[in-house]
Amino acid sequence: MATESTPLPTFQQLLSLPPSLDRQKLPRHVAVIMDGNGRWARQKGLPRIVGHRQGTETLKELLRCCKDWGIPALTVYAFSTENWQRPREEVNFLMLLFETVLGQELAQLIQEDVRIQFIGSLSDLPPSLREQIQRAMTLTKDNQSLLFTVATNYGGRQELVQACQRIAMEVQCGNLTVDEINGQLVERYLYTSGLPDPDLLIRTSGEMRISNFLLWQLAYSEIYVTSTLWPDFDRGQFYRALLAYQQRERRFGKL
Ligand code: IPE
Ligand code: IPE
Ligand code: MG
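Residues numbered from 1 in each chain as written. Chains lettered and ligands numbered in written order. Predicted model: local features only at pLDDT ≥ 70, side-chain atom pairs only at ≥ 80, totals over all residues. Heavy atoms only, no water.

Is there a simple way to think about the side chain of Glu-112 in this case?
With respect to the helices and strands, Glu-112 occurs in the loop between α3 (88-111) and β3 (114-119). One buried charged residue, Glu-112, forms no salt bridge at all, with the nearest opposite charge on Arg-64 at 4.1 Å. (Helix = DSSP H or I, 4+ residues; strand = E, 2+ residues; numbered from the N terminus. Buried < 20%, exposed > 50% of the residue type's maximum accessible area, 1.4 Å probe, protein only. Lys, Arg positive; Asp, Glu negative; His and termini not counted. Salt bridge = Lys/Arg side-chain N within 4 Å of Asp/Glu carboxyl O.)

Looking at this structure, how should I read the sheet that holds strand β2 (residues 73-80)?
Picture the strands of a sheet paired through backbone hydrogen bonds; they go either parallel or antiparallel. Taken together, the 6 strands give an open sheet; going across it, the order is β3-β4-β2-β1-β5-β6, and neighbouring strands pair in parallel fashion. For this open sheet the edge positions go to β3 and β6 (222-225), each flanked by a neighbour on one side alone. Going from strand to strand, the sheet's axes swing by 20° on average, the running direction of each strand aside. With 6 bridges connecting them, β3 and strand β4 (residues 146-154) associate as parallel partners. Bridge assignment links Val-114 to a residue of β4, and that residue is Leu-146. Helix-sheet contacts for α3 involve β2, β3 and β4, and the interaxial angle to β2 is about 155°. (Pairing = 2+ DSSP bridges. Axes fitted to C-alpha atoms, helices over the stretch in contact; angles between N-to-C directions. Contact = heavy atoms within 4.5 Å.)

Looking at this model, I keep getting lost on the packing of helix α2 (residues 48-69) against α3. Mind explaining?
Helix packing for two helices is described by the angle between their axes and how far apart those axes are. Interaxial distance between α2 and α3 falls to 11 Å at its minimum, and their mutual angle equals 25°. As judged from the angle between their axes, α2 and α3 are roughly parallel. The way α2 lies across α3 gives a crossing that is right-handed. Where α2 approaches α3, its residues Arg-48, Ile-49, His-52, Arg-53, Thr-56, Lys-60 and Leu-63 are matched on the opposing element by Glu-90, Phe-93, Leu-94, Leu-97, Val-101, Glu-105 and Leu-109. Taken together, the residues of the contact of α2 with α3 break down into 7 nonpolar, 2 polar and 5 charged. (Parallel < 35°, antiparallel > 145°, perpendicular 65-115°, else oblique. Left-handed = near helix turned anticlockwise from the far one by under 90°. Nonpolar A, V, L, I, M, F, W, Y, C, P; charged D, E, K, R; others polar.)

Teacher, can you tell me more about the pairing of strand β5 (residues 200-203) here?
Two faces belong to every sheet, and in a regular strand the side chains alternate between them. Residues Leu-200 and Ile-202 point to one face of β5 and Leu-201 and Arg-203 to the other, with burial holding for every one of them. In this sheet, β5 lies alongside strand β1 (residues 29-33) in parallel orientation, the contact comprising 4 bridges. Residue Val-30 lies in a different strand from β5, and its bridge partner there is Leu-200. In the sheet, β5 pairs with β6 via 4 bridges, with the strands oriented parallel. Bridge pairing links Arg-203 to Val-225 in β6.

Written out as structure tokens, the structure reads:
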């Protein structure tokens, strides 16, 4: 069993896929609840926002790692529909941070052939962030090496409600009958339409909950929780998560 004390390969060995991981059994899609920024900062006697800023560095490195190791899809939870309830200064800081980092990193994403997409209720985001998001999605839409999805103002329940509304509308307009509604059809109305379900969900900072993330899509994902706080999550930690994943037996309800 891979644990938090599993010895790590050297830094050099982590630059490409470590040999102890089976390339054939890598997850096709990894989802991450990036939690613990505030606690990381508090432990250092710093304001919470410093943790958020450091967290973006962690994310950049994880993205690079997914590319280096051949994981084709990464989805991260950046801001939930419930996170608006935080103090206004923190919310404002986060919105500004998303916009700034996206502006700074766009050229790099293009150069590295990464396609970035945002999911969630994007219409409620500040207009300048929305513009930046649109620009980034358009300019990277044909990139192939990695599909990077950022859940921003995302809530799993909200996603299902909007899917129900849009499906009901189709029925009302006569484009769809009630009998035609099935799992496959519902999936087409989710933000993640076209993406395979996550094989692996990682949550940092030790919390054993889903916090309204990808409620439909995580039905059969393997869950890996580490006590490491998000700003400290590095290639070594990711290696441990993948090692644990490869040791799981996925059954999907069968024997
Ligand atoms: C995750 O870190 C980032 C966001 C939710 C935006 P937190 O801000 O939740 O950090 P903790 O959980 O308070 O430590
Ligand atoms: C989940 O973390 C949301 C993100 C990581 C963006 P939270 O910190 O908001 O979740 P709870 O409040 O601990 O459930
Ligand atoms: Mg948190």
